[in-house]
Amino acid sequence: MSPRSDRRRSGAGAKRPATPADLAARAAKARATGAGRAAEDRARRMVAAYLQTAASHDLPLARVVGELADGTAALRLGEAAHDMLMHAPPPVVTQAACRDGCAFCCLLIGGDGGTITEAEAIRLHDALSPLAGQPDGRAWHPSACAALDPDSRSCRAYDARPTICRSFMSTDAEACRINAEGGAAEGAGLLGSHLDYLAVQALARDLLKGLARVSTYSMARIAAGAVAGEPRDDSLAAARHKPRALEDACRDAAKAMAGRRG
């Protein structure tokens, strides 16, 4: 590899930001590939507000970069988007059929379980590690999330569950069962705030090019590794997605939102 191409890959030669305010200029040009223009614009505004707050509190640049890279910022901003949504909750919330032990949404037929950030992966692994060696949800169903209790079908890491779990709701438990078996029934899906969370993380990845790696992870693999007694770093390495996964997750969420509006 030539020195020039190496510099392009590493971001060398570009002016490196020194403060959170410096990152704001990058954020104005960053893209959330796959999320769609509207979600990208919302993500850009949310990240700009986050950086403005960080600058006003004199937060060190290293902390700000770290929170953007590991998904802590996306979690906070996603929660804020969720709270705004709850001011006028959609029917899937007001008419939710979700209940403890239903668990059809925890059948991970695709195997991946969904896209989660590093902060979520660490929190989930730490919550499940003490349960290593105990029977898990796969004793109930081979495709179930390892975080489930096999008897009650309750989540054993409920307080540490990732955003994708918190965002999935349904007005029809039977639709969840049908979909878990490979069908396409209506009534279940992700809240719109989940797309905002994904878009923020995608924007952060573009914003931090040459500064920090922004990875996403397979939720199912993290949970399975934790209950198998696998060290956290080993689980993270095994569950780390290829870069394209975040773009695909954004595109899938955007398509689902567009279909719902249609």
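Caption draft 1: Quick peek at the layout of surface pockets. Counted as a void, the second largest pocket has a volume near 290 Å³. Lining the second largest pocket we find 15 residues, and of these Ala202, Arg205, Asp206, Lys209 and Pro243 sit closest to its centre. Partitioned by chemical class, the residues of the lining of the second largest pocket number seven nonpolar, one polar and seven charged.

Caption draft 2: Broad picture of the packing of aromatic side chains. Tallied over the entire structure, the rule returns zero aromatic pairs. For Arg161, the ring lying beneath its charged end belongs to Tyr158, and the centroid distance is 3.7 Å.

Caption draft 3: Spotlight on helix H5 (residues 72-85). For H5, spanning 14 residues, the distance from its first C-alpha to its last is 20 Å, which sits close to the expected 20 Å at 1.5 Å a residue. If you check which residues of H5 are buried, you get Thr72, Ala73, Ala74, Leu75, Leu77, Gly78 and Ala81.

Caption draft 4: Region of interest: the state of the cysteines. What the rule picks out here adds up to zero disulfides. Unpaired in this structure, Cys165 has its nearest cysteine sulfur neighbour in Cys106, at a distance of 6.4 Å. You can call Cys165 partly exposed: its relative accessible area is 32%. Note on Cys250: no disulfide assigned, nearest cysteine sulfur contributed by Cys165 at a separation of 17 Å.

Caption draft 5: Representation of the nonpolar core. Among the nonpolar cores identified, the biggest contains 41 residues, and Leu23, Val47, Leu51, Val64, Leu68, Leu207 and Leu208 are the most heavily contacted of them. Among the secondary structure elements, those contributing two or more residues to this core are helix H2 (20-29), helix H3 (37-56), helix H4 (61-70), H5, helix H10 (192-207) and helix H13 (244-261). The biggest single contributor to this core is H10, with nine residues. Among the nonpolar cores identified, the runner-up in size contains 22 residues, and Ile164, Ala223, Leu236 and Ala239 belong to it.

Caption draft 6: Quick look at the pattern of salt bridges. Counted by the stated rule, this structure contains 16 salt bridges. Put simply, Arg44 and Asp41 hold a salt bridge, and the shortest N to O gap is 3.2 Å. One end of the pair is Arg44 and the other is Asp41, both in helix H3 and three residues apart, which spans about a single turn. Here Arg44 falls in the buried class, since its relative accessible area comes to 18%. According to the relative accessible area criterion, Asp41 is partly exposed, its value standing at 29%. A salt bridge links Arg138 to Asp136; its shortest N-O distance comes to 2.9 Å. Given the relative accessible area of 11%, Asp136 is considered buried. Members of the salt-bridge network, linked through shared partners, are Arg31, Glu40, Asp41 and Arg44.

Caption draft 7: A look at the environment of Gly71. Take Gly71: it is sitting in the loop between H4 and H5. As for Gly71 and Arg205, which are separated by 134 residues in sequence, their C-alpha atoms are 9.8 Å apart. When residues no more than four places from it in sequence are discounted, the contact partners of Gly71 are Thr117, Ala119 and Gln201.

Caption draft 8: Structural detail: the side chain of Ser154. Inspection of the secondary structure assignment puts Ser154 in the loop between helix H7 (118-128) and helix H8 (163-167). Classification of Ser154 by relative accessible area gives buried; the value is 15%. Not counting the four nearest positions on each side in its chain, Ser154 is found in contact with Asp100, Gly101, Ala147, Leu148 and Asp149.

The rules behind the values
Residues numbered from 1 in each chain as written. Predicted model: local features only at pLDDT ≥ 70, side-chain atom pairs only at ≥ 80, totals over all residues. Heavy atoms only, no water. 1 Å grid on protein atoms, 1.4 Å probe; cavity = no way out; pocket = protein on both sides within 12 Å on 5 of 7 lines; lining within 4 Å. Points joined across faces, edges and corners; volume = space filled by probe spheres on them. Nonpolar A, V, L, I, M, F, W, Y, C, P; charged D, E, K, R; others polar. Phe/Tyr/Trp six-rings, centres within 6.5 Å; stacked < 30°, edge-to-face > 60°. Lys NZ or Arg CZ within 6 Å of the ring centre and 35° of its normal. Helix = DSSP H or I, 4+ residues; strand = E, 2+ residues; numbered from the N terminus. Expected span 1.5 Å × (residues − 1). Buried < 20%, exposed > 50% of the residue type's maximum accessible area, 1.4 Å probe, protein only. Disulfide = S-S within 2.5 Å. Core = buried A, V, L, I, M, F, W, Y, C linked by side-chain atoms within 4.5 Å. Salt bridge = Lys/Arg side-chain N within 4 Å of Asp/Glu carboxyl O. Contact = heavy atoms within 4.5 Å.

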